[in-house]
Amino acid sequence: MIILGLILLVLGFALGISILWTIGIVLLVIGAVLWIMGSMGHAVGSRNHYW
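Here the structure is a predicted model, which means the values were calculated and not measured. (Residues numbered from 1 in each chain as written. Predicted model: local features only at pLDDT ≥ 70, side-chain atom pairs only at ≥ 80, totals over all residues. Heavy atoms only, no water.)

S.K.: Just to check I follow, could you spell out the environment of Gly31 for this structure?
M.R.: By the element assignment, Gly31 lies in helix H2 (residues 18–39). Gly31 sits 27 residues away from Leu4 along the chain, and the two C-alpha atoms are 9.3 Å apart. With near-sequence residues (within four places) excluded, Gly31 lies in contact with Met1 and Ile2. (Helix = DSSP H or I, 4+ residues; strand = E, 2+ residues; numbered from the N terminus. Contact = heavy atoms within 4.5 Å.)

S.K.: Honestly, helix H1 (residues 2–15) in this entry has me stumped. Any pointers?
M.R.: Turn by turn, an α-helix covers 3.6 residues, leaving residues three or four places apart pointing in a common direction. If you check H1, its first and last C-alpha atoms are 20 Å apart, about what 14 residues at 1.5 Å a residue would give, namely 20 Å. Along H1, the residues that are buried comprise Gly5, Leu8, Leu9 and Gly12. Along the long axis of H1, the arc covered by the buried residues comes to 105°, so they all point the same way. Across from the buried face of H1, at angles greater than 90 degrees, the exposed residues are Ile3, Val10, Ala14 and Leu15. Where H1 is buried, its residues touch H2. Trailing H1 by a residue or two, Gly16 shows a phi angle of about 75°, which is positive. (Expected span 1.5 Å × (residues − 1). Buried < 20%, exposed > 50% of the residue type's maximum accessible area, 1.4 Å probe, protein only. Arc of directions from axis to C-beta.)

S.K.: Hey, could you run me through the packing of aromatic side chains in this one?
M.R.: Both the distance between ring centres and the angle between the ring planes are used here to describe each pair of aromatic rings. For the structure shown, the criterion picks out 1 aromatic pair. Relative to Trp21, the ring of Phe13 has its centre 6.1 Å away and its plane inclined at 45°; by these criteria the two rings are tilted. A relative accessible area of 38% places Trp21 in the partly exposed class. (Phe/Tyr/Trp six-rings, centres within 6.5 Å; stacked < 30°, edge-to-face > 60°.)

S.K.: Please clarify how H2 should be interpreted in this entry.
M.R.: Over its 22 residues, H2 extends 32 Å from the first C-alpha to the last, a length consistent with the 32 Å expected when each residue adds 1.5 Å. For H2, every residue scored as buried is listed here: Leu20, Gly24, Leu27, Gly31, Leu34 and Gly38. For H2, the arc enclosing every buried residue in end-on projection is 105°, short of the 170-degree limit, so these residues lie on one face. The inward-facing, buried residues of H2 contact H1. A positive phi of about 100° marks Gly41, the residue just after H2.

Quick look at the structure:
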């Protein structure tokens with residue numbers, strides 16, 4: 001999810017499409033939160049680790 005967010009950020013910036021930029025930021029933030037929660041040992045989506 002983090003990689004997809006980065007790809008959408010780059011595409012949105014390069015093509016000048018603001019909706020891709022916004023979706024990329026949202027996916028990047030959600031992916032980072034899930035990654036941090038998974039690394040702290042919290043179950044994310046019934047998984048003990050999120051990667």
